[in-house]
Structure formats: structure tokens, C-alpha cells
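The chain contents come next:
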Amino acid sequence: MEYLVHSMDSYVITNGLVITMDDRNRIIKGGCVVVEDGVIVDVGKARDLAEKYDYEKIDARGNIIMPGLINTHTHLFQELGKNLCVDVDLQRWFRSVWAPLVSNMSIEDYVNAVRLGVLEAIRSGTTTIVAYEHALNAFEGDIDKVVSAIKGSKIRCIFGYGYQDTGEDIGAPRIALKSLDYIYKRLKEFFSRQKQDDMFRVWLAPGTINWCTKELLSLTKELADKYNTGITVHMNETKAEKEYSIKKRGGSEVEYAYSVGFLGPNVLGVHLVWTDSREIEILARTNTKVSHNPISNMYLASGIAPIPEMLRKNIIVGLATDGAASNNNMDMFDVIRITPLLHKVVHGDPTALSALDTLRMATIMGAKAIMMEEKIGSLEKGKYADIIIVDIHKPNTTPIYDPIATLVYSASSCNVDTVIINGKIMMMSGKLTCMDEEKIIENAQKSLQRITDKMNK
């Protein structure tokens, strides 16, 4: 599928309320952002910059200009599993959703899921995703087609190559379990084939700490050092998983990972719901990052991660949707709104998590979580032009007293007007320029029908 991307190389986004998310959290009224060849070269007052740059103008019409959202954890293959089985916990979800879905998907279905996921992400203002594809071991087909679909979509992506070699007694689906030798061979082959840059990076993505032998965790650290890349892994997601790890290995997943030297600044731990004060100290000491997935954790009744406590220890926390089969959409604005509300009510404290901290987790702190804060996450000179325009002239966002609070508590994906990734205009005035939305939806529905037909045989 060929995507048409707006070809304008240099332009000025003007007449907007610029929310920079820089170190000073600057908000510029009557502001503009200047883009040259995919990079932000100036940010400031429109009146100061209007005559300096003789470029085509994009009129923000008084709306918010802000960094694109960063989704630090999702599973694109799960796009075809929305509402496949509802009202279940994680262990039953693996049996009734994950395993049947993966067992009956073809590579072509996977590609259709990828395209649907990217479409949904862009429509909701997401410009960077961490695609944690921990089902890859189950596919013998040409997984490079999956990579091609992601690269062709023009979204910025951290691609987590997933694998696991144990843990069937704690939910790891048998179809995805492979030997250490098999995983090592596949990883070496995959890294050797992939051209990586700031638009597409490959990370290592072991399924969960419980799903990996000590030898596989050691191999993961070895390969991360060899390829100078990151690691993302599920940890302490449910009470049952934590108890299993304590019984099986003498400590929680966090404690065990720490004991074998697995944690560190290039590790992004996902969920960390059942994390106590001692484990928070471990995460802080090792500079391990955290991906917070509140809607998925609520949907599966997994629990509530102690995010305010982590932030007080200066742990880097990014926000995420998780996969669409355990959240049922890829809408980061949903996550942004739910996050502070959840922590306010569980702590009985309206100041437990502020609107500003929440928006930073979805932007610049999310960039720090994936080690790209020098490149994305804020609107600053020298960073890539990953920018969204949010239409605030709608009933749900009118009137505006505080633009940060408006974005966090009032806005939704329906307010996303324009999406720019790496300087390329992917959506303008609500119209996609980068993909055939109708065809993507049609193909995804056909894939789901093929999958359910197989499941019902």
C-alpha cells in the first residue's frame, strides 16, 4: 500500500497557543513553530518570526500547538482483538483472547492489524509508539512484512521484538514459547536485516520476567549491549504474577530482575502495578524507566500502579494505552484524562497527580522513557517536528481558563486537528494525507472475519 505524505518541506505553523513542554513549561500565546526539513528551527511569538521566515504558513486558527503524544507501550497485533472477550482477568484473557487470536492470525492479518493501529494512533494525536510485539515467536512467516508496514506508515516507532522461553504455568501461551537457541538465532537474523534510524529503532522485548529463564534474561542484556539498544519488559503486572515469582524465584519480578543484573537505564518496565516501596527504591537506584498503562490495568482488574510514589523518587514514567485487546482502543487522550483522576481517587487527594505532570508523562517524560528526549517530546529548536494541533474551539473545550487542564481534563481525540511526524503532515484539518482509511478498516474487518471463522471451526 502506498501512502501519500504532504510534501511541504519548510513551513511555519502560526497563530497558535504553543505549549512547548520544555524545561520551563513555556506557553506562548500568539506563537508559532518553524519547521525546516523535518526539524524545528525556531519557536516563539508569531509577530517576532513572521517576517524572518518566508515559508508557507499553516494557520493554527488560535488552537493549541503542542508536541505529539508518545505511547510507551502497545501491541499492534492486538488491534484485531478488540472486545474479543470482555470482563476477564489477565490469566483468562491470555487463554481466551491472546492465544486464540495469535494462533489464527496470518502475517497478512498482522499487517492489517499494524495499519489499523497506526491509523488509530495518528487520529488520536500519537506520533511515537513503542510497538511491543511479543507474539513474533509464534509466526513462521515473513515478519519483515510487519516491519515494512510500520515503516511505510511513517509513524515514529520503537519496535520491540518479543520472545519468551518459559512460564506456561503462569499464562505464557505455548504457541509463543521457543528455545533459547531458536530465539538467539532469530534475533541475530532480525537485527542483521534491519536498517535503523530515529524513525524506526529495534528494542528487545522479552514477554515478562516470569516468562524468561535466567539464561534468556542474560542473553537479552548481552544483546542490548552488543546492539546498543533498549529493553522493554512486563513486570509485576498482577498480584498473582508477583506471588508466583516470589514462590518460584524467591522474589518479585522486580527483585529477581535486579538480583540477576537485568535492570538499568536502558530498561523500560511495563505496568509495575504491584510494586512496593522497596521495589520503587530498586527502580530508582537502577534508573529503570516505567510505562504506566492505567486503562488496561483497570480493564483487567490488575490494580493501580503507585505512580505518584514513583515520581517522588524521580523515576521516569511514560504513559501508554497497552494493546487494543486489553484497552479496546489506542486513544492516548483517554489515557491522559483517566490517569490523574485514577490517582486522585485512590489516594483520596486531589493533588496526587497534577495535570501538568500528566501531560509531561505523555510527551517529554515519555521521550525520556524511550531515551529520545534529545530528539522529541517538546517543541524546541533542533528537535524533530513531531507536532499536533488540537482544536479547542469545540463545545468540550470551551471556555478555556487553563490550557494544560483543558488538554488533560476536557480534550479528546476528536479535538486532534493536525498531526505532523518528522515534519511530514500526516493529517490536516481532520483529513488523513498518509493512508487510505476506508481500505484499512475494510481489510481489518476481513482479517477479523477470517480469524473468527478459523476459531469457530
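Everything here concerns the structure above.
Quick word on the packing of aromatic side chains
Link 1 in the chain: Per the stated rule, a full pass over the model turns up six aromatic pairs.
Link 2 in the chain: Where Phe 77 meets Tyr 110, the ring centres are 6.0 Å apart and the plane angle is 55°; that geometry is what we call tilted. On the criterion of sequence distance, the pair formed by Phe 77 in the loop between strand E6 (69–74) and helix H2 (90–103) and Tyr 110 in helix H3 (residues 107–123) is long-range, its members being 33 residues apart. Accessibility assignment for this pair places Phe 77 and Tyr 110 in one class, buried.
Link 3 in the chain: Feature note: the residues Phe 159, Tyr 161, Phe 190 and Phe 200 constitute an aromatic cluster, connected by ring pairs.
Link 4 in the chain: Against the face of Phe 200 rests Lys 151, its NZ or CZ located 4.8 Å from the ring centre.
Link 5 in the chain: Lying across the ring of Tyr 182, Lys 178 places its NZ or CZ 5.3 Å from the centre.

Thoughts on the packing of helix H13 (residues 355–362) against helix H15 (residues 403–410)
Link 1 in the chain: Running from amino to carboxyl end, H13 crosses H15 at an angle of 70°, the nearest separation of the two axes being 9 Å. Judged by the angle between their axes, H13 and H15 are roughly perpendicular. Along its contact with H13, which presents Ala 355, Leu 356, Thr 358 and Leu 359, the element H15 presents Ile 404, Ala 405, Leu 407, Val 408 and Tyr 409.

Remarks on helix H12 (residues 332–347)
Link 1 in the chain: For H12, which comprises 16 residues, the first-to-last C-alpha distance of 23 Å matches the rise-based estimate of 22 Å (1.5 Å per residue) to within 8%.
Link 2 in the chain: Burial in H12 covers these residues: Met 332, Phe 333, Val 335, Ile 336, Thr 339, Pro 340, Leu 342, His 343 and Lys 344.
Link 3 in the chain: Measuring from the backbone nitrogen of Phe 333 back to the side-chain oxygen at the start of H12 gives 2.9 Å, which picks out Asp 331 as the cap.
Link 4 in the chain: The first or second residue beyond H12 is Gly 348, which carries a positive phi of 60°.

Topic: the nonpolar core
Link 1 in the chain: Grouped together as the largest cluster of nonpolar side chains are 135 residues, with contacts concentrated most on Ile 122 and Phe 159.
Link 2 in the chain: Contact partners of Phe 159, with chain neighbours within four places excluded, come to Ala 131, Glu 133, Leu 136, Val 146, Val 147, Ile 150, Phe 190, Phe 200, Arg 201, Val 202 and Trp 203.
Link 3 in the chain: Of all hydrophobic cores here, the second largest spans 18 residues; its members include Met 8, Ile 40, Val 43 and Ile 420.

Observations regarding the pattern of salt bridges
Link 1 in the chain: Applying the stated criterion across every chain yields a total of 23 salt bridges.
Link 2 in the chain: Close ionic contact of Asp 9 with Lys 424 constitutes a salt bridge, the shortest N to O distance being 4.0 Å. Note that Asp 9 is positioned in the segment before strand E1 (10–19) and Lys 424 in strand E16 (residues 424–428), a separation of 415 residues in sequence.
Link 3 in the chain: Since its relative accessible area comes to 43%, Asp 9 is described here as partly exposed.
Link 4 in the chain: Notably, a salt bridge pairs Glu 442 with Lys 446, separated by 3.0 Å at the nearest N-O pair. Highlighted residues: Glu 442 and Lys 446, both in helix H16 (residues 437–455), separated by four residues, approximately one helical turn.
Link 5 in the chain: In this structure Lys 446 comes out as partly exposed when scored by relative accessible area, which is 43%.
Link 6 in the chain: Look at the salt bridges and you will find they share partners, linking Asp 42, Lys 52 and Lys 381 into a network.

Brief notes about the environment of Pro 403
Link 1 in the chain: Within the secondary structure, Pro 403 sits in helix H15.
Link 2 in the chain: The exposure class assigned to Pro 403 is buried, which follows from its relative accessible area of 14%.
Link 3 in the chain: C-alpha separation for the pair Pro 403 and Asn 329, spaced 74 residues apart in sequence, amounts to 25 Å.
Link 4 in the chain: If near-sequence neighbours (up to four positions away) are discounted, Pro 403 is found in contact with Leu 17, Ile 19, Ile 27 and Ile 64.

Focus on empty space enclosed by the protein
Link 1 in the chain: Across all of its chains, the model carries one cavity of 30 Å³ or more by this definition.
Link 2 in the chain: Each pocket or cavity is described by its volume, and for the largest cavity that value is around 100 Å³.
Link 3 in the chain: Lining the largest cavity are 16 residues, and of these Leu 90, Trp 93, Phe 94, His 234 and Glu 237 sit closest to its centre.
Link 4 in the chain: Looking at which element gives the most residues to the lining of the largest cavity, the answer is H2, with three residues.
Link 5 in the chain: Partitioning the lining of the largest cavity into residue classes produces four nonpolar, nine polar and three charged.

Remarks on the state of the cysteines
Link 1 in the chain: What the rule picks out here adds up to zero disulfides.
Link 2 in the chain: Of all cysteine sulfurs in the structure, the one in Cys 157 sits closest to Cys 434, which takes part in no disulfide; the separation is 15 Å.
Link 3 in the chain: Assessed through its relative accessible area of 0%, Cys 434 is described here as buried.

Rules and cut-offs
Residues numbered from 1 in each chain as written. Predicted model: local features only at pLDDT ≥ 70, side-chain atom pairs only at ≥ 80, totals over all residues. Heavy atoms only, no water. Phe/Tyr/Trp six-rings, centres within 6.5 Å; stacked < 30°, edge-to-face > 60°. Helix = DSSP H or I, 4+ residues; strand = E, 2+ residues; numbered from the N terminus. Buried < 20%, exposed > 50% of the residue type's maximum accessible area, 1.4 Å probe, protein only. Lys NZ or Arg CZ within 6 Å of the ring centre and 35° of its normal. Axes fitted to C-alpha atoms, helices over the stretch in contact; angles between N-to-C directions. Parallel < 35°, antiparallel > 145°, perpendicular 65-115°, else oblique. Contact = heavy atoms within 4.5 Å. Expected span 1.5 Å × (residues − 1). Polar contact = N/O pair within 3.5 Å; in protein donor to acceptor, adjacent residues only side chain to side chain. Core = buried A, V, L, I, M, F, W, Y, C linked by side-chain atoms within 4.5 Å. Salt bridge = Lys/Arg side-chain N within 4 Å of Asp/Glu carboxyl O. 1 Å grid on protein atoms, 1.4 Å probe; cavity = no way out; pocket = protein on both sides within 12 Å on 5 of 7 lines; lining within 4 Å. Points joined across faces, edges and corners; volume = space filled by probe spheres on them. Nonpolar A, V, L, I, M, F, W, Y, C, P; charged D, E, K, R; others polar. Disulfide = S-S within 2.5 Å.

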